[in-house]
Amino acid sequence: MMRIGMWAMAALLAGPAAAQTVEGRILPERPYVEQTRYGQALNFDIALANRSDRQASLTELEVTFVGADGRDILTRRLDGNGTAPSIQTVPNRIVEAGAEALLFNPFEHAPAGRAVGAVRITATLSADGLPDQVITASTTVRAAPPSPGLSPVTGRVLVWDGHDALSHHRRWDYLLPPIRALGFSSNAMRYSYDFVTVDDAGRMHSGDGEVNTDWFGFGQPVRTPAAGVVVQVRDDRPDDRRFDPSELVEDINLVFGNVVVIAHEDGSFSMLGHVKQDSATVRPGDRVEAGQTVAAIGASGSSLFPHLHYQRVDAADMRGEGIPSTFREVWLDDGSAPVNGHVDSGEIFLAR
């Protein structure tokens, strides 16, 4: 078993040469548990580092959720059984000699009802001509911290992309050398959302959407989910849906183009990204209250179209790790029932 923050190891070579190893760990070191309408969600990654001089291949992956009483709650597995083996759903099964690979936890939910206290992963790897080797790593988990904030966007809102297992926010490979070279070392977007204003029919825009003003949300107010102090404001970038990766050396938050970052009393930060050029109503050092308008929805930076990117993070920039967030005064899109604070990809909700 792996101690928190340590690597678990398995020899890839047998006999006298067994010093060459592959290593594995769970990231972040203590994953959060989100309480959702679909069960308990655990959003974490599995990092594999091949220290050997030969290629290794992942042949089986097992994830076990362990209860607070130390008893296993649920074990799920990907393996090579069948005519279309489930292990093939993992795209990066090959770990080259001397390289690292990041696997996204493929089993997003544990059952509701029994609190998860820990998670354990078991990975089986093979190398040509050698016996299979097994890596086991485990870590305790923690409850998501309270965050009953307001939705930063009001009206009828589509979560165009949230942080479910298939969302692009979730599938951010920060171990890839090109991503590392830009200064990223974690997933600040792990629990983020792309919010898009929609009309009564659920449409995001009129016309073909090529012009920003076709989008119903463009220029609509952006508000802070909770009280805090503004620590960064950028609103000088055009709403041209572009960004230059080379600028990230200057400021890694420029991936959003224009951004407002707010520090909260609990030590977390709200990042409001892709806001409209020249729309910020606050400056660094300003104290803001929950629900206060701080900018407008735009299309600056790495933005496919006008929308608001919102995330809660443990640092003031994209080098931090994501933190789960929930929202109060949020209802199903017909206004009939609250959504219990948790929203995710594809859902439409009403925020007042």
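Residues numbered from 1 in each chain as written. Predicted model: local features only at pLDDT ≥ 70, side-chain atom pairs only at ≥ 80, totals over all residues. Heavy atoms only, no water.

A. Representation of the overall build of the chain within the structure. Assigned secondary structure in the chain consists of one helix and 27 strands. At 22 Å, the chain has a C-alpha radius of gyration in line with the 20 Å of a compact globule built from 352 residues. Counting only C-alpha atoms and orienting by the principal axes, one finds that the chain spans roughly 65 × 45 × 40 Å. Out of the 352 residues belonging to the chain, those deemed buried represent 54%. On the chain, roughly 15000 Å² of surface is accessible, and the fraction owed to carbon and sulfur atoms is 51%. For the chain, the separation between the mean place of its 31 positive charges and that of its 45 negative charges on side chains is 4 Å. (Helix = DSSP H or I, 4+ residues; strand = E, 2+ residues; numbered from the N terminus. Rg over C-alpha atoms; globule rule 2.2 N^0.38 Å. Buried < 20%, exposed > 50% of the residue type's maximum accessible area, 1.4 Å probe, protein only. Areas by Shrake-Rupley, 256 points an atom, 1.4 Å probe, with all protein chains shown as cover. Lys, Arg positive; Asp, Glu negative; His and termini not counted. Charge placed at Lys NZ, Arg CZ, Asp CG, Glu CD.)

B. Spotlight on the environment of Asp 69. Looking at the element boundaries, Asp 69 is found in the loop between strand E6 (56–67) and strand E7 (72–78). Sequence-wise, Asp 69 and Asp 333 are 264 residues apart; in three dimensions their C-alpha atoms are separated by 39 Å. In terms of polar contacts, Asp 69 uses its side chain to reach the backbone amide nitrogen of Arg 71, at 3.0 Å. (Polar contact = N/O pair within 3.5 Å; in protein donor to acceptor, adjacent residues only side chain to side chain.)

C. Molecular detail of the packing of aromatic side chains. With the rule as written, the count across this model stands at nine aromatic pairs. Residues Tyr 193 and Phe 195 carry aromatic rings whose centres are separated by 5.2 Å and whose planes lie at 10 degrees to one another, so their mutual orientation is stacked. The interplanar angle of 70 degrees and the centroid separation of 5.9 Å between the aromatic rings of Phe 195 and Phe 327 together place this pair among those described as edge-to-face. Separated by 132 residues along the polypeptide, Phe 195 in strand E16 (residues 193–197) and Phe 327 in strand E25 (residues 326–328) bring together distant segments of the chain. When its relative accessible area of 5% is taken as the criterion, Phe 327 is described as buried. Ring pairing ties together the aromatic residues Tyr 193, Phe 195, Tyr 310, Phe 327 and Phe 349, which thus form one cluster. Above the face of the Tyr 32 ring, Arg 142 is positioned so that its terminal group lies 4.2 Å from the ring centre. Between Arg 352 and the ring centre of Trp 331, over which it is positioned, the NZ or CZ distance is 4.1 Å. (Phe/Tyr/Trp six-rings, centres within 6.5 Å; stacked < 30°, edge-to-face > 60°. Lys NZ or Arg CZ within 6 Å of the ring centre and 35° of its normal.)

D. Spatial organisation of the sheet that holds strand E10 (residues 109–110). Pairing is mixed in the open sheet, where four strands are placed in the order E10-E4-E3-E13. At either end of the open sheet lies a strand with only one pairing partner, and these are E10 and strand E13 (142–143). Note: strand E3 (residues 32–36) against strand E4 (residues 39–42), four bridges, orientation antiparallel. Bridge assignment links Val 33 to a residue of E4, and that residue is Leu 42. (Pairing = 2+ DSSP bridges.)

E. Fine view of the pairing of strand E27 (residues 348–351). Pairing between strand E15 (residues 155–161) and E27: four bridges, direction antiparallel. Bridging from a neighbouring strand, Arg 156 pairs with Leu 350 of E27. Bridge count for strand E26 (residues 330–332) against E27 is three bridges, and the pairing is antiparallel. Pairing of Val 330 across the sheet is with Ala 351, part of E27.

F. View of the confidence of the model for the chain. Of the residues in the chain, 94% have a pLDDT of 70 or more, and the chain-wide mean is 92. Counting contacts from residues 12–20, a segment whose pLDDT is below 50, to residues more than four positions away or on other chains yields 18 contacts. (pLDDT = per-residue confidence, 0-100. Contact = heavy atoms within 4.5 Å.)

G. Just empty space enclosed by the protein, in detail. Applying the stated criterion across every chain yields a total of one cavity of 30 Å³ or more. The volume enclosed by the largest cavity comes to roughly 70 Å³. In this structure, the largest cavity is lined by Glu 34, Ala 41, Leu 42, Asn 43, Phe 44, Asn 105, Glu 108, His 163, Asp 164, Ala 165 and Arg 170. In terms of residue class, the lining of the largest cavity is built from four nonpolar, three polar and four charged. (1 Å grid on protein atoms, 1.4 Å probe; cavity = no way out; pocket = protein on both sides within 12 Å on 5 of 7 lines; lining within 4 Å. Points joined across faces, edges and corners; volume = space filled by probe spheres on them. Nonpolar A, V, L, I, M, F, W, Y, C, P; charged D, E, K, R; others polar.)

H. Examining the environment of Val 33 more closely. Summarising the element assignment, Val 33 is placed in strand E3. Residue classification places Val 33 among the buried residues on the basis of a relative accessible area of 6%. In this structure the C-alpha to C-alpha distance between Val 33 and Pro 145, which are 112 residues apart in sequence, comes to 9.4 Å. Apart from the residues lying within four places of it in its own chain, the contact partners of Val 33 are Gln 40, Ala 41, Leu 42, Val 116, Val 141, Arg 142, Ala 143 and Ala 144.

I. Geometry of the pattern of salt bridges. Counted under the stated rule, the structure contains 23 salt bridges. Residue Arg 114 is joined to Asp 69 by a salt bridge in which the shortest nitrogen-to-oxygen separation is 3.5 Å. Of this pair, Arg 114 sits in the loop between E10 and strand E11 (116–126) while Asp 69 is found in the loop between E6 and E7, placing the two residues 45 residues apart along the sequence. On the basis of relative accessible area, Arg 114 is assigned to the partly exposed category, the value being 36%. Among the ionic pairs, Arg 319 bridges to Asp 317, the shortest N-O distance being 3.2 Å. Among the residues examined, Arg 319 registers a relative accessible area of 42% and is labelled partly exposed. On the accessibility criterion, Asp 317 (22% relative accessible area) is partly exposed. (Salt bridge = Lys/Arg side-chain N within 4 Å of Asp/Glu carboxyl O.)

J. Representation of the layout of surface pockets. Estimates place the volume of the largest pocket at around 390 Å³. As for the largest pocket, its lining consists of 22 residues, of which His 168, Met 189, Val 255, His 274 and Ser 302 are closest to the centre. In the lining of the largest pocket, the residues fall into 13 nonpolar, seven polar and two charged. When its volume is computed, the second largest pocket comes out at roughly 290 Å³. Lining the second largest pocket are 16 residues, and of these Thr 89, Pro 91, Phe 104, Pro 106 and Arg 171 lie nearest its centre. A total of three residues in the lining of the second largest pocket trace back to one element, the largest contributor, which is strand E9 (residues 100–104). When the residues that make up the lining of the second largest pocket are grouped by side-chain class, the tally is 11 nonpolar, three polar and two charged.

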